[in-house]
Amino acid sequence: MRVLVRRCWGPRPVGGGAGRRPSPQWRALAGLGGSPGGEDGRGTRVREKPPWRVLFFGTDQFSREALRALHAARDNKEEELIEKLEVVTVPSPSPKGLPVKQYAVQSQLPVYEWPDVGSGEYDVGVVASFGRLLSEALILKFPYCLPRWRGPAPIIHTVLHGDTITGVTIMQIRPKRFDVGPILKQETIPVPPKSTAKELEVVLSRLGANMLISVLKNLPESLNNGRQQPTEGVTHAPKISARTSCIKWEEQTSEEIFRLHRAIGNIIPLQTLWMDNTIKLLDLVEVNSSVLTDPRLTGQAVIPGSIIYHKQSQHLLVCCKDGWIGVRSVMLKKTLTAADFYNGYLHPWHQKNPQAHPSQCRFQTLRLPTKKRGEKIVAMQQCTK
């Protein structure tokens, strides 16, 4: 995938001192930013250099890392990069709020809950994993606006598709459109083998936070040197829903199932159907090569979804399109180890149905109904390549 990051589009600042005319590209955008102020009724002068007044938009652990970097920069009086830092987040059912709100409250930063965005004056808006479409009117309040990440779930799709390279891009965003603005800064890193989306998120959040500070230190220059995104090879990372977590035993290989688990397992456990009951597979493991020599796995044709309890490893072995995966624990009404599931469900079923074909007791693909309007969708908004 390409690096997919969102940055928000806003007018660039008007040129500086008296008698100095802005460059043509800046002049075309002059007057869109700033807000009325001063006794003479003229617009407030847009700053051309730090310290910046920053309004940060974010929600989750990923965006909290960017907020932490901005906060540290504000408290660094030697560099004088950030003068003011305030925060906008979204409401949460949790009394403590989302990670960004928790950090803001703990750090005594002014915090607003969307759609409240405060009424102060700012130079820079930074948007990181916010999950809300900013209106054109709001974007145009900022002389500079730097949101982050393209597509709802790029990090998840990086892991899901087995990409070997990922990264972060800082870009601008135009009003009413996501992820189309010029690239201001871009860095790539290798994806650690078998890393989960959560682990990769930590690495990228730190990288992105450092890049953000770098851009802010030279913001006008970064804007002038921005380059257009390529028009070819762009990929989209669509939202993740509960339907994504349903394993298709006949269609997916063991590698695809493991990647799915590493990509979304910490958000939505993988799901399957057993005897008309929905089961969540909580802990997946690769099957040891010595286990694969078991005659029960090799001595007969096995239908995808078939379940075998391997007593020595205490794993459930489940057949998929091209091989087997191991399962250490499941959830059926409550969390069960593989041994508990075998003793409490699999073994009693086979005792009651000794003449039944084993395929009648296999895992089957869970078919969830089409999403209804307003149904919650799980999405991680980060950047990957």
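Colleague: Sorry if this is basic, but what is going on with the pairing of strand β13 (residues 334–337) here?
Modeller: Each regular strand carries side chains that alternate between the two faces of the sheet. Note: strand β12 (residues 324–332) against β13, 4 bridges, orientation antiparallel. Residue Leu332 lies in a different strand from β13, and its bridge partner there is Lys334. If you look at the hairpin formed by β12 and β13, you'll find 1 residue sitting between the two strands, and Lys333 has a positive phi there, around 70°.

Colleague: What am I meant to see in the pairing of strand β10 (residues 307–310) here?
Modeller: Side-chain alternation along β10 places Ile307 and Tyr309 on one buried face and Ile308 and His310 on a second face that is also buried. As paired elements, β10 and strand β11 (residues 315–319) share 4 bridges and run antiparallel to each other. By the bridge assignment, Ile308 is partnered in β11 with Leu317. Between β10 and β11, which pair antiparallel one after the other, the connecting turn spans 4 residues, and Gln314 there sits at a positive phi close to 60°.

Colleague: What am I meant to see in the nonpolar core here?
Modeller: Counting residues in each nonpolar core, the largest one holds 74 residues, and the members touching the most others are Phe56, Leu70 and Phe341. Ranked by residue count, the leading element in this core is helix α6 (residues 197–217), at 10 residues. In contact with Phe56, other than residues within four places in its own chain, are Ser63, Ala66, Leu67, Leu70, Leu85, Glu86, Val87, Val88, Val100, Val126 and Ala128. Counting residues in hydrophobic clusters, the runner-up holds 13 residues, among them Val88, Val90, Tyr112 and Val127.

Colleague: Please explain the packing of helix α2 (residues 61–75) against α6 as it appears in this structure.
Modeller: When two helices pack together, their arrangement is captured by the angle between the axes and the distance separating the axes. Here α2 crosses α6 at 35°, and the two axes come no closer than 8 Å. α6 is crossed by α2, and the crossing has right-handed handedness. From α2, Gln61, Phe62, Glu65, Ala66, Ala69, Leu70 and Ala73 reach across to α6, where they touch Glu201, Leu204, Ser205, Arg206, Ala209, Leu212, Ile213 and Leu216. Here the contact of α2 with α6 is composed, by residue class, of 10 nonpolar, 2 polar and 3 charged.

Colleague: I tried to follow the packing of α2 against helix α3 (residues 99–106) on my own but got confused; where do I start?
Modeller: Orientation of α2 relative to α3, taken along the N-to-C sense of each, is 25°, at an axis distance of 8 Å. Comparing their axes, α3 and α2 come out roughly parallel. Contacts from Gln61, Ser63, Arg64, Leu67, Arg68 and His71 of α2 reach α3 at Pro99, Val100 and Tyr103.

Cut-off values and rules
- Residues numbered from 1 in each chain as written.
- Predicted model: local features only at pLDDT ≥ 70, side-chain atom pairs only at ≥ 80, totals over all residues.
- Heavy atoms only, no water.
- Pairing = 2+ DSSP bridges.
- Helix = DSSP H or I, 4+ residues; strand = E, 2+ residues; numbered from the N terminus.
- Buried < 20%, exposed > 50% of the residue type's maximum accessible area, 1.4 Å probe, protein only.
- Core = buried A, V, L, I, M, F, W, Y, C linked by side-chain atoms within 4.5 Å.
- Contact = heavy atoms within 4.5 Å.
- Axes fitted to C-alpha atoms, helices over the stretch in contact; angles between N-to-C directions.
- Left-handed = near helix turned anticlockwise from the far one by under 90°.
- Nonpolar A, V, L, I, M, F, W, Y, C, P; charged D, E, K, R; others polar.
- Parallel < 35°, antiparallel > 145°, perpendicular 65-115°, else oblique.

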